[in-house]
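Remarks on the overall topology
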Amino acid sequence: MSGFEIRRKDDGCVSTLYIKGFLDAHTAPQLERSLQELVNEGRFRIVVNFSELSYISSAGLGVFMGFIETVRKNQGDIKLSNMPPKIYRVFDLLGFPLIYEIYEDERQAQEKFAGSGTSSVEDGR
Amino acid sequence: MVRGKSGRPVAELGTSDPDLDEVPEVRPSGWLIPAGLVFAGLAAIGSVGGGTAMAGPVSLLLLAAVITQARGLSSSPRLRQGSAPEQIRWAIAGALGLGGTSLLSSIFLSRPTGFLGVMAGLLVLAVAGSFFAALLWLLIRSLAFVRQRKSTQRNFMILAASAATTAVLRGLDPSGADWGKHLSDGVLAITIVFAVFNGFRQSWVHYLLRRQKIAGLWASFLVTVLCVLAGSSSSQWTALENSAPFRAVVGVTALVGAIYFGMASGALLLALPTARVYDRRSKGLASLKHLSEMTSSLLDVDELIRIIPRLAAEVTEGDAAWLELRRNGKLRVVSSVRVAIEELEGRLLDLEEGISGWILRTGRPVVSQRLRRDERLRDLRSIPRHWQSVLGVPVAAHDRRLGVLFVARYEPFGFEPDDCELLLAFANQSAVALENANLIRQSLEKERLEEELRVAREAQRKLLPTGPLRCHSAVFDGLCITANDVGGDYLDYFRIDEDRVAVVIADVAGKGSSAAFYMAEMKGVMATLCRLVQRPREVVVRANEILSERMDRRTFISLIYAIVDTKRLKVRFARAGHCPLAHVMRDGTVRFLEPKGAGIGLVRGPEYRELVEDVEFSVLPGESLFLFTDGLTEAMDPQGEEFGEGRISRVLSEFHAHDVPTMMRGLVEEVNKFVGPNAPRHDDLTFVIVKFTEPAASGVPADPNSPAEESTELVPSP
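Predicted model only: the values in this text are computed from it and were never measured.

So, how was this worked out
- Counting of residues starts from 1 at the beginning of each chain's written sequence and follows it residue by residue.
- Lettering of chains starts at A and numbering of ligands starts at 1, both following the order in which they are written.
- pLDDT decides what is reported in this predicted model: residues at 70 or higher carry local features, side-chain atom pairs at 80 or more are listed and counted, and totals for whole chains, interfaces and linings draw on all residues regardless.
- The side-chain figures draw on all heavy atoms in the structure; neither hydrogens nor water molecules are used.
- Per the convention used, a helix needs a DSSP run of H or I reaching at least four residues, while a strand needs a run of E reaching at least two, with both numbered from the N terminus.
- Here the term buried applies to any residue with accessible area under 20% of the maximum for its type, exposed to any over 50%, and partly exposed to those in between, with areas from a 1.4 Å probe on protein chains only.
- Here, two residues are considered to be in contact whenever any of their heavy atoms come within 4.5 Å of each other.
- Here the Shrake-Rupley method, with its probe set to 1.4 Å, supplies the accessible areas, and only the displayed protein chains count as covering residues.
- Each residue gets a pLDDT score, which is the predictor's confidence in that residue and runs from 0 to 100.
- The rule for a salt bridge is simple: a side-chain nitrogen of Lys or Arg has to be within 4 Å of a carboxyl oxygen of Asp or Glu.
- Patch membership needs two things, relative accessible area over 30% and no salt bridge, and members are linked within 9 Å if like-charged or within 5 Å if nonpolar (Val, Leu, Ile, Met, Phe, Trp, Tyr).
- Here is the rule: rings of Phe, Tyr and Trp (six-membered ring for Trp) pair when centre to centre is within 6.5 Å. Planes less than 30 degrees apart are stacked, more than 60 are edge-to-face, and the remainder are tilted.
- Pairing between strands is defined by DSSP: at least two bridges between the two strands are required.
- To get an axis, a line is fitted to the C-alpha atoms, and for a helix only the part in contact is used. The angle between two axes follows their N-to-C directions and goes from 0 to 180 degrees.
- Definition used in this section: a nonpolar core is a set of buried Ala, Val, Leu, Ile, Met, Phe, Trp, Tyr and Cys residues joined via side-chain atoms within 4.5 Å.
- Put simply, buried area is how much 1.4 Å-probe accessible surface two parts lose in total, over both of them, once they are put together.
- We call two N or O atoms a polar contact when they sit within 3.5 Å, provided that within protein one can donate a hydrogen and the other can accept it, with sequence-adjacent residues counted only if both atoms are side-chain atoms.

1. With respect to the overall build of chain A
- For chain A, the count of helices and strands is four helices and five strands.
- Element order for chain A, N to C, with α for helix and β for strand: β-β-α-β-α-β-α-β-α.
- Across the 125 residues in chain A, those meeting the buried criterion constitute 54%.
- Sequence separation of 24 or more characterises 67% of the internal contacts of chain A that already satisfy a separation of 6 or more.
- Just so you have it, chain A exposes about 6000 Å², and 49% of that area is on carbon and sulfur atoms.

This is the structure:
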């Protein structure tokens, strides 16, 4: 099967994860580790870019559910972006758009964070 | 004689005879010893009665007594097949008996006594003397025959024959006339020479442990002394005019015994310095053998772990030993002998950095003879023990280093080069044993897991409806083909009352027994809720409340809950994040209904209520409903394309006019054709069909208007 890769980019207080390939029960722990790392570092403003993801299974969806509460409790969020239509359909069926912010482009998501960032005390820009 | 001289001692390199003569012919021997005693008695009587004239017959009788008794004794398995230490013990008994008899006789016979006194003395001498002589001969034979060679039998037979001849000649002619003296001296010389030849046959010494060698040295020394004593005291029997035959038998036996056991003492003395090495070798071999026996019989890893340090300490005579194994990337002390694990763990701040880590990394052993001065083993010094020497070896099998094995001794320079090699060999074997046991454990675990899955699958199968359901003019049927494991799909349909049937289709995220467990719980929850609550939306909201509480945070369930009123032909359903419901019209067109909804478990709080709604629509006879899971839409062809809703729609149109079994068969065939003949199924294939048939020849309530009244088809945009 095709593999799975994660790339991370930190930009100010926002971290973006680029995920690529097959996200299923076998590769979900990889994503879980990456998210756990961010949480451990106290980086709760997370954007996940799906542009290169070709498949996501229920285990993959579960990873986001496992973190969203912790992240939101810490005034952060997981925003999703650049979903190919097939992937969006999976999220959509399950009702994710009702709970998660999903953007066409990662820039929108990052800007959303930056916008809310000004209201927070610790970081000016 | 010439032949006798050329008979070389055991040093000659004869090929060892494979069929050792230790195959005793089965013979009734009970009468041999009594017969020998009778011969001895006759000899005594003959000697007293006949005087010197009877010397010849008396000598022969005595010889016969010794030979028959020796043969009688040799049939005793304890004497013949006993271990060397046992036989040495018997030899002491024999020599003690011979010496005792000889001394006792010399007391009786050294001064003039009455006829009865002489008679009693003679009888004792004859009976006991011949018996103990026989015993001694027999033991010399069996000791000399350990690791028998070609020449062994011959040399011993020559010795026995010459000794017998000497005894008879001496008995006949004690004073020694000229011709007789030369002859008997010659034969005596042959006896001595062959006694020495046989005296080189001391292979039994090698098989003794060091402790036994020391004991054996004392014992054979004692036997030698007793033999000398017996021989010399026999010359004191002056009161008896015809004591020569007796003196000859005792004397020759004592001579041969003294030579053999004297040489045995020498062999034992020479073997003592190397005894320790021999001991360790044999102990090491025994431990390795023990361990390899264990590996074949011991399936339990824990038991194996427990026994390894024990055997290691035994092999190297260590005062303490312990085993450290890799566990989750760290080394842990897993078992120890004569030192508590807690004592050892005191230093284990980070084992990887200490000497254990070094051994594990390099795969090389470490020997330290002065722990106090050895910087490499610094971390071991913190252990509150006064060990001076420490030996550590890697436990490795096929290049996989599992851990480290340590042995420690209190004395400095406690380990020899041999010990290191021995422990390395032992550690290698331990590693193989551990690996094997681990493999066995894993396969058992797998078997157990498979059994668990089988049970779960069985349980899951029982949760599904057993067959189609008919309610008024509607037929409900479903299918659930699981992928290889326990699936996460679930379907159910059951009557709520006279007219209404509840339909559930669900997909639990994840597979395996936990999915089966959630499924069972869901079935119970749904069966209860459908009677308490009317609206599908309420049922789903309540189900979320109940189920999400106990679900893993990363798990969710998508489902559709529908209530089909088969009398009024109305359908109301809620969709909790599940695939849409397909409504197949009479003309074959298919519409997918997808009201707003989120999977169960996605949101745990009361805000879930806002995320789900239900819709109601009417159906007509001839129409059908089709509920499915993502296993159908995501079924993939070899090129990686998904089956998708488009194909579902096409297949449904194609088969919509047929009865339910035909529709189901058609669908499965289409999917199989799409996926390909030898592609493994990745997901379950689950669906429910509800078909509203035409009431037989009755007037159909015509309702040409749009059947859907409230259906909202959501096409969310990001």
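2. Description of the overall build of chain B
- When its secondary structure is counted, chain B shows 20 helices and 16 strands.
- Looking at chain B as a whole, 52% of its 718 residues qualify as buried.
- Once local pairs closer than 6 in sequence are excluded, the contacts in chain B between residues at least 24 apart make up 72%.
- About 33200 Å² of surface is accessible on chain B, with carbon and sulfur atoms providing 59% of the total.

3. Quick look at the confidence of the model for chain A
- Across chain A, the average pLDDT comes to 86, with 90% of residues at or above 70.
- Confidence over residues 117-125 of chain A falls short of pLDDT 50; this stretch has six contacts with residues more than four positions distant or in other chains.

4. What about the pattern of salt bridges?
- Across all of its chains, the model carries 33 salt bridges over all chains by this definition.
- Among the salt bridges present, the one from Arg72(A) reaches Asp77(A), with a minimum N-O distance of 3.0 Å.
- On the accessibility criterion, Arg72(A) (34% relative accessible area) is partly exposed.
- Among the residues examined, Asp77(A) registers a relative accessible area of 7% and is labelled buried.
- The residue Glu538(B) makes a salt bridge to Arg609(B) at a minimum N-O spacing of 2.6 Å. Here the residue Glu538(B) occupies a position in helix α17 (residues 536-550), and Arg609(B) occupies one in the loop between β13 (590-593) and β14 (614-618), the gap between them amounting to 71 residues.
- Taking the relative accessible area as the measure of exposure, Glu538(B) reaches 19% and is therefore buried.
- A network of salt bridges, in which partner residues are shared, links Arg8(A), Asp10(A), Glu37(A), Glu41(A) and Arg43(A).

5. Topic: a nonpolar patch on the surface
- A cluster of nonpolar residues, Ile214(B), Trp218(B), Phe221(B) and Val225(B), forms a patch on the protein surface that exposes about 420 Å² of accessible area.
- Checked against the element boundaries, Trp218(B) lands in helix α9 (residues 210-233).

6. Comments concerning helix α3 (residues 85-94) of chain A
- Most of α3(A) is tucked away: seven of the ten residues are buried.
- All of the buried residues along α3(A) are Ile87(A), Tyr88(A), Val90(A), Phe91(A), Asp92(A), Leu93(A) and Leu94(A).
- Where α3(A) is buried, its residues touch β3 (45-56), α2 (58-73), β4 (77-81) and β5 (102-103) of chain A together with β10 (557-565) and β11 (570-576) of chain B.
- Once α3(A) ends, the next one or two residues include Gly95(A), with phi positive near 90 degrees.

7. Observations concerning the packing of aromatic side chains
Residues and elements named next belong to chain B.
- The final tally for this structure, using the stated rule, is 19 aromatic pairs over all chains.
- Here Trp-137 and Phe-156 contribute two aromatic rings whose centre-to-centre distance is 6.2 Å and whose plane-to-plane angle is 75 degrees, an arrangement assigned as edge-to-face. With Trp-137 in helix α6 (residues 115-144) and Phe-156 in helix α7 (residues 150-172), this pair connects stretches of sequence that are 19 residues apart.
- Judged by its relative accessible area of 12%, Trp-137 falls in the buried class.

8. Description of the sheet that holds strand β16 (residues 685-692) of chain B
Residue and element names in this part refer to chain B.
- Spatially, β6-β7-β16-β15-β12-β13 is the arrangement adopted by the six strands of the open sheet, whose pairing is antiparallel. Strands with a single pairing partner mark the edges of an open sheet, and in this sheet they are β6 (469-471) and β13. In this sheet, adjacent strand axes meet at a mean angle of 20 degrees when their direction is disregarded.
- Pairing analysis gives five bridges linking strand β15 (residues 624-628) to β16, with the strands arranged antiparallel. When the sheet's bridge partners are listed, Phe-626 is paired in β16 with Ile-689.
- Contacting β7 (474-481), β15 and β16, helix α20 (residues 660-675) crosses the sheet at an angle of about 150 degrees to β16.

9. A few points about the nonpolar core
- Grouped together as the largest cluster of nonpolar side chains are 98 residues, with contacts concentrated most on Phe50(A), Phe64(A), Phe91(A) and Tyr561(B).
- Broken down by element, this core gets its largest block of residues, eight residues, from helix α16 (residues 513-532) of chain B.
- Residues in contact with Phe50(A), not counting those within four places in the same chain, are Ile19(A), Ile56(A), Phe64(A), Leu80(A), Ser81(A), Asn82(A), Met83(A), Pro84(A), Ile87(A) and Phe91(A).

10. With respect to the interface of chain A and chain B
- Taken together, the 22 residues of chain A in the interface contact 30 residues of chain B.
- Between chain A and chain B, roughly 2100 Å² of surface is buried when both sides are summed, and carbon and sulfur atoms account for 61% of that area.
- Taken together, chain A and chain B are joined by four salt bridges.
- Across the pair Arg89(A) and Glu645(B) runs a salt bridge whose closest N-O atoms are separated by 2.7 Å.
- Here chain A is connected to chain B by six residue pairs in polar contact (both at pLDDT 80 or more).
- Examining the composition of the side of chain A that touches chain B, we find that seven residues originate from one element, α3(A), more than from any other.

11. Thoughts on the sheet that holds β3(A)
Residues and elements named next belong to chain A.
- Strand order in this open sheet of five strands is β1-β2-β3-β4-β5, and the pairing throughout is mixed. In this open sheet, the two edge strands, each paired with only one partner strand, are β1 (4-11) and β5.
- As paired strands, β3 and β4 are joined by five bridges and run parallel to one another. Pairing of Ile-46 across the sheet is with Ile-78, part of β4.
- Packing against the sheet, α2 makes contact with β2 (14-23), β3 and β4, and its axis sits at approximately 140 degrees to β4.
- Together, β3, β4 and β5 form the strand contacts of α3, whose direction differs from that of β3 by roughly 115 degrees.

12. Structural notes on unusual backbone geometry
All names here are of chain B.
- Residues other than glycine seldom take positive phi values, yet Arg-338 does so here, at roughly 55 degrees.
- With respect to the helices and strands, the residue Arg-338 is situated in the loop between β2 (330-337) and α12 (341-345).
- Residues other than glycine seldom take positive phi values, yet Phe-413 does so here, at roughly 55 degrees.
- Its place among the elements puts Phe-413 in the loop between β5 (400-409) and α15 (417-463).

13. Comments concerning the environment of Gly97(B)
All names here are of chain B.
- Inspection of the secondary structure puts Gly-97 in helix α5 (residues 84-109).
- On the accessibility criterion, Gly-97 (12% relative accessible area) is buried.
- Taking the C-alpha atoms as reference points, Gly-97 and Ala-230, separated by 133 residues in sequence, lie 9.3 Å from one another.

14. Describing the pairing of β15(B)
- Burial within β15(B) is extensive, with five of its five residues counted as buried.
- Taking every second residue as pointing to the same face, both faces of β15(B) are buried, with Ser624(B), Phe626(B) and Phe628(B) on one and Leu625(B) and Leu627(B) on the other.

15. A look at the side chain of Lys213(B)
Residue and element names in this part refer to chain B.
- Within the secondary structure, Lys-213 is located in helix α9.
- Residue classification places Lys-213 among the buried positions, given a relative accessible area of 1%.
- In this structure Lys-213 touches Val-205, His-206, Leu-208, Leu-268, Ala-271, Leu-272, Ala-275 and Tyr-278, once residues within four positions along its chain are discounted.

16. Digging into the pairing of β13(B)
Residue and element names in this part refer to chain B.
- In β13, alternate side chains face the same way, and those of Val-590 and Phe-592 on one face and Arg-591 and Leu-593 on the other are all buried.
- The pairing of strand β12 (residues 581-584) with β13 spans four bridges and is classified as antiparallel. Pairing of Ala-582 across the sheet is with Phe-592, part of β13.
- Adjacent in sequence and paired antiparallel, β12 and β13 are bridged by five residues, among which Gly-588 carries a positive phi angle near 95 degrees.

17. Points about the side chain of Ser81(A)
All names here are of chain A.
- Looking at the secondary structure, you find Ser-81 in strand β4.
- At 2.7 Å, the side chain of Ser-81 forms a polar contact with the side chain of Asn-82.
- Once residues within four sequence positions are removed from consideration, Ser-81 is found in contact with Val-47, Val-48, Asn-49, Phe-50, Ser-51, Tyr-103, Asp-105 and Glu-106.

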